[in-house]
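# Breakdown of the fold
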Amino acid sequence: MNKKSKKNQFSYDERDIYDPYSVESAGSYDMSGDFYGRRESTDMYDLMPTVQESGGYDEGDEFDPYGMGDIPGFDEEEELRAEEERRLEEERKRKADEEKRKLAARKQKEAERKKQMKKVAEQRRKEKEEEEKHIPGFDEEEELRAEEERRLEEERKRKADEEKRKLAARKQKEAERKKQMKKVAEQRRKEKEEEEKRQQEEEERRKKEEEDKDDPSHIEERLRELSVQYPDVAPPSLVKKCKTLSDNSNTLQVITAGHVDAGKSTLMGHLMLLCSRLSSSERHSLKKLSQAAKDKGKESFVFAWTLDDDEMERDRGVTVDVAHTHFTIPSTMSGLDEDKKDIQDRSVFLRDAPGHRSFVPNLITKAQAPDVGVLVVDSVEQELVAALSAEGQCWEHMLLLRAVGVQRLIVCVNKLDRVDWSEVTYAHVCSTLKKYLKKAGFDVRDESEQVVFIPISGYHGVNLIPESSRARIAETFGSEESKGSEDTDEESSSSAPTLVPPALSSVMPWYDGPSLATLLFNAPIQPRLLEHPFVCVVSDVSKAKFSGKSVMSGRIASGCLVEGEVLVLLPFLRLLRVTAIVDNTCGVGKPVTRCYGGMYVSLSFKPLGASEGFGGGYSEEEIEGMVKSGCVLCRPSQPVRVSNRLTIQVRTTELEHVLLKGERVDMFIHSMWSCDNTCGVGKPVTRCYGGMYVSLSFKPLGASEGFGGGYSEEEIEGMVKSGCVLCRPSQPVRVSNRLTIQVRTTELEHVLLKGERVDMFIHSMWSCGLLKRFVSEMNNKGVVIQKKPRKISSNTNAIVRVQTDDVVPMLPHSIHPLMGRIVLRLNSRTIAIGVITETHDVKI
Ligand code: GTP
Ligand code: MG
């Protein structure tokens, strides 16, 4: 076998390239195909015959690579067995190889696994190290996941915190709300308590006032208490001192009266200018005033403007409020003989009243006990008739002058220049007026001297001052005026009013009586009643310009007062101390320490404290709020009577109908107006009734108090308009926008047709409306002459169905005459007046 191997080895070397079936080639590959290198020899190779063993290969031989045919003794069975053995051997070999290979593969796999594990362990270690070191760049996904986790964690935390915070806030809010509610409830409780207390106090106060009002004896009783508390009376020395002062002041109190535009203000304004010795600056102011009047087209009112100093009065050319002023009539105008001219000048305290009927209450409340009344009458016939008509103020003013106690009346027949200075007209006016004056209760007989007539022209200044004084003024100013007219300064000269009146002899040669100034100079002054108890009738309360303190103004009806005294305000029973006195009688307010009967004063006061008596303890504002024209100030020890039940002696005037028991009328007692607050001095009352003009304070009911409640004051204020109606819920008026009315048309510009829109005034509510249907036309006796007419013409009586745009509260005329009146207007003209006959329901 070894020989063969050597041979084979040798031969193999030689056939290395040419024998593809060599041992090397046949057995060098195992099943896995791996090459394990050259082998020395195998068993199988040993069995295979080589080329040399089979006898050699020469050219003539058949090719027999295995040399089968050449092996001697080889039989088939042997061959098969060998073959089987070989196969088994090969199988065994293959299996062993397989085993080896598997083992090697397993080992290798194991080595690889270990290597891999080592690698993984190494990696994990590194990762761990990385993780520990927080090295950035760590696995991105992991990082992202971690990041996400962190974010989620944070989010979760944040949400939890948020929840916690919210819960805490909610809890806090709830606690605060509870606290607030508690506070509000507490506040409401307090407010309610306060309100109840206030209401109770108010009720008590009202009751007290009611008692005081209904039972004057109660006030009397309290006044008696007060007089014990303040027993002081005016010392005789004070009366004596005041008497001297009063005599020296020699002040005559004058009031003008007369129909509107009679020339009262012009007359008195001109008289004042003529009586005053005008300085050059005063003349300059007059020129300026004249220019201003000219600029406003009111040149003829220049003298009136000296008294009507309010802008509104000047614009309208009408006196509104009573003007107070003071001037002096020089003794030279007394008309007395030369030897008696050492007497002092006459000081005049003038009140110029308005003539317009709307301002009559101003005259009544402010014209207190004047010494002289100056009634100014326009001499032009139509004006005289208008002034003396039932609607005219001349007649009414005569009555009022009588009522306020005028003992001397000077009747100025004015504007004689407009009737050519006619003596006949003058005589006619005088005789006409005498009848009326007599009716008013004046003694018009010549011998009585209660009423004096004089012819006058206020604007031209005729018969205002005596002729001698006129001549002197003409001497002083005449030359100036003539010089002024020649002056180059045209504006100033033209605007200056002519002060110098024409000579009486040149215009009214037929008159030789006294001038107005002379009559005033010699008019008797009424007794000032200084010895009587102190009584001051308050006409006004206001704030002092500089100090801002409350001041009461009024006329002292009687008595004397010294600064610092305690007075009681009646009928309110309030105690106050007089802290300062200002005399207004002399025109400019002059501070004085004493005052007495006849003076017009402003009294500063300080209410007494609660501890100083039962009338004390009120603030200045409270007292200011209660004072109204007609209140009286007097000493607590000498109070006037306070009552509401009187016996009076009256003389009636021309009445429209007879007076019957139970009738309600307005009563003016000195300067107090009782009955309602129409005159503008709002008097707080606790009851009101038909015919009164009232202001009602109100408080809306709450929502819980009924379906009409729950509105604020502002809301109600916003919805109220003229014509709204207040009534008891149980007795409401009708509310509708569909009415049947009975009207009478006036002179129409065109006939009225169905469907026309007109303005409708129902009581004081103004609404537009539609003439829906003409029901019928009637004659003057109310008999229907045509049913459903197509049109309505002038001066026609008709029944008409109308519809207003707004729902209107009203009542048919048959139920309530005042609530059922209607006026129709079109293009600012009244086209029909009538009454509501029927209302048709409407839902509101
Ligand atoms: P009220 O205070 O509003 O009632 O008027 P009043 O009476 O004070 O009349 P006022 O003095 O305002 O004058 C009214 C108008 O009458 C003015 O235009 C005056 O110029 C005019 N007037 C006054 N007196 C005379 C006069 O003697 N002659 C003429 N022609 N006009 C006069
Ligand atoms: Mg006037």
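To start, this report covers the structure provided alongside it. (Residues numbered from 1 in each chain as written. Chains lettered and ligands numbered in written order. Predicted model: local features only at pLDDT ≥ 70, side-chain atom pairs only at ≥ 80, totals over all residues. Heavy atoms only, no water.)

## Comments concerning empty space enclosed by the protein
For clarity, the cut-off: Cavities and pockets were defined on a 1 Å grid built from protein atoms only: a cavity is a group of points that admits a 1.4 Å probe but offers it no way out, a pocket is an open group of points flanked by protein on both sides within 12 Å along at least five of seven lines, and a lining residue is one with an atom within 4 Å of any such point. Grid points are joined across faces, edges and corners, and a volume is the space filled by probe spheres set on the points. Classification used: nonpolar for Ala, Val, Leu, Ile, Met, Phe, Trp, Tyr, Cys and Pro, charged for Asp, Glu, Lys and Arg, polar for all others including Gly.
Per the counting criterion, the structure on display carries 9 cavities of 30 Å³ or more. Its boundaries defined by the atoms lining it, the largest cavity holds a volume of some 80 Å³. Lining the largest cavity are Leu748, Glu749, His750, Leu752, Leu826, Asn827, Arg829 and Ile831. Class assignment for the residues of the lining of the largest cavity results in 4 nonpolar, 2 polar and 2 charged.

## A word on the coordination of the magnesium ion (ligand 2)
Tetrahedral metal sites with four donors have an ideal angle of 109.5 degrees; octahedral sites with six donors have ideal angles of 90 or 180 degrees. Threshold: Metal-coordinating donors are taken as N, O and S atoms lying within 2.8 Å of the metal, or within 3.2 Å when the metal is Na, K or Ca; because water is left out, some sites can appear incomplete. In this text, helices come from DSSP runs of H or I with a minimum length of four residues, and strands from runs of E with a minimum of two, each type numbered from the N-terminal end. Think of it in three bands: with a 1.4 Å probe and only protein chains considered, a residue is buried below 20% of the maximum accessible area for its type, exposed above 50%, and partly exposed in between.
Looking at the metal site, the magnesium ion (ligand 2) is ligated by Ser265 (OG) and Thr319 (OG1), spaced 1.9 to 2.0 Å from it. Here Ser265, found in helix α8 (residues 264-275), pairs with Thr319, found in the loop between α11 (311-316) and β2 (323-329); they are 54 residues apart in sequence, far enough to count as distant. Accessibility assignment for this pair places Ser265 and Thr319 in one class, buried.

## Looking at the site of ligand 1
Our working rule: Residues are counted as near a molecule or strand when any one of their heavy atoms sits within 4 Å of it. The term polar contact refers here to a pair of N or O atoms within 3.5 Å; inside protein, the definition further demands a hydrogen-donor-capable atom paired with an acceptor-capable atom, and it admits residues adjacent in sequence only when both atoms are side-chain atoms. Note that accessible areas follow from Shrake-Rupley with a 1.4 Å probe, and for residues the cover is restricted to the protein chains shown.
Every one of the 20 residues lining ligand 1 counts as a neighbour, but Lys264, Ser265, Thr266, Ser300 and Thr319 are closest to it. Within the side chain of Thr319, an N or O atom sits 2.7 Å from an oxygen atom of ligand 1. When isolated, ligand 1 has an accessible area of 650 Å², and the protein chains bury 92% of it. Ranked by the residues each element gives to the shell around ligand 1, the list is headed by α8, at 3 residues. Here the residues of the shell around ligand 1 are counted per class, giving 6 nonpolar, 9 polar and 5 charged.

## Regarding a positive patch on the surface
In plain terms, the rule: Here, patches come from residues exposed beyond 30% relative accessible area and free of salt bridges, joined within 9 Å for like charges and within 5 Å for nonpolar side chains (Val, Leu, Ile, Met, Phe, Trp, Tyr). Counted as salt bridges are all cases of a side-chain nitrogen of Lys or Arg within 4 Å of a carboxyl oxygen of Asp or Glu. Within this scheme the basic residues Lys and Arg register as positive and the acidic residues Asp and Glu register as negative, but His and the chain ends are omitted. Charge positions come from single atoms, namely NZ of Lys, CZ of Arg, CG of Asp or CD of Glu.
A cluster of basic residues, Arg738, Lys754, Lys772, Arg773, Lys787 and Lys788, forms a positive patch at the surface. Tracing the sequence through the fold places Arg773 in strand β21 (residues 765-778). Taking relative accessible area as the criterion, Arg773 reaches 40% and is therefore assigned partly exposed.

## Some details on the packing of helix α14 (residues 393-403) against helix α15 (residues 423-440)
The line we're drawing: Inter-axis angles, ranging from 0 to 180 degrees, are taken between N-to-C directions of lines fitted to C-alpha atoms, where helices are fitted over the stretch in contact. Throughout this description, any angle smaller than 35 degrees is read as roughly parallel, any larger than 145 degrees as roughly antiparallel, any in the 65 to 115 degree range as roughly perpendicular, and the remainder as oblique. Definitions for this section: a left-handed crossing has its near helix turned counterclockwise from the far helix by less than a right angle. A right-handed crossing has that turn clockwise. Note on contacts: a residue pair qualifies if any of its non-hydrogen atoms lie within 4.5 Å across the two residues.
Where α14 contacts α15, the axes come no closer than 9 Å and their chain directions differ by 40°. In terms of their interaxial angle, α14 and α15 are classed as oblique. The chirality of how α14 crosses α15 is right-handed. For the pair formed by α14 and α15, the contact residues are Cys394, Trp395, Met398, Leu399 and Arg402 on the first element and Leu433, Tyr436, Leu437, Lys439 and Ala440 on the second.

## Some points on the pattern of salt bridges
Here the structure, examined in full by the defined rule, presents 28 salt bridges. The closest approach of N and O atoms between Arg165 and Glu162, which form a salt bridge, is 2.9 Å. Highlighted residues: Arg165 and Glu162, both in helix α5 (residues 140-214), separated by 3 residues, approximately one helical turn. The class of Arg165 is exposed, set by a relative accessible area of 53%. A relative accessible area of 25% places Glu162 in the partly exposed class. Notably, a salt bridge pairs Lys243 with Glu531, separated by 2.7 Å at the nearest N-O pair. On the criterion of sequence distance, the pair formed by Lys243 in helix α7 (residues 236-249) and Glu531 in the loop between α19 (516-522) and β7 (535-543) is long-range, its members being 288 residues apart. Each member of the salt-bridge network shares a partner with another, and the members are Glu122, Arg125 and Glu129.

## Considering the packing of aromatic side chains
Heads up, the condition is: Paired rings are identified among Phe, Tyr and Trp, the last through its six-membered ring, by centres lying within 6.5 Å, and are further divided according to the angle between planes into stacked (under 30 degrees), edge-to-face (over 60) and tilted (the rest). By the criterion adopted, a ring carries a charge over it if an Arg CZ or a Lys NZ lies within 6 Å of its centre and within 35 degrees of its normal.
Applying the stated criterion to the full structure yields 5 aromatic pairs. Each ring, one from Trp395 and one from Tyr436, has its centre 5.7 Å from the other, and the planes form 65°; the classification is edge-to-face. Taken as a pair, Trp395 in helix α14 and Tyr436 in helix α15 lie far apart in primary sequence, 41 residues in all. You can call Tyr436 partly exposed: its relative accessible area is 23%. Ring plane angle 80° and centroid distance 6.4 Å describe the contact between Trp510 and Tyr511, whose orientation is recorded as edge-to-face. Take Tyr511: its relative accessible area is 12%, and that puts it in the buried class. Here the aromatic residues Tyr426, Trp510 and Tyr511 are joined through ring pairs into a cluster of three or more. In this structure, Arg402 packs its charged tip against the face of Phe442, placed 5.3 Å from the ring centre. Lying over the aromatic face of Trp395, Lys439 brings its terminal NZ or CZ to 5.4 Å of the ring centre.

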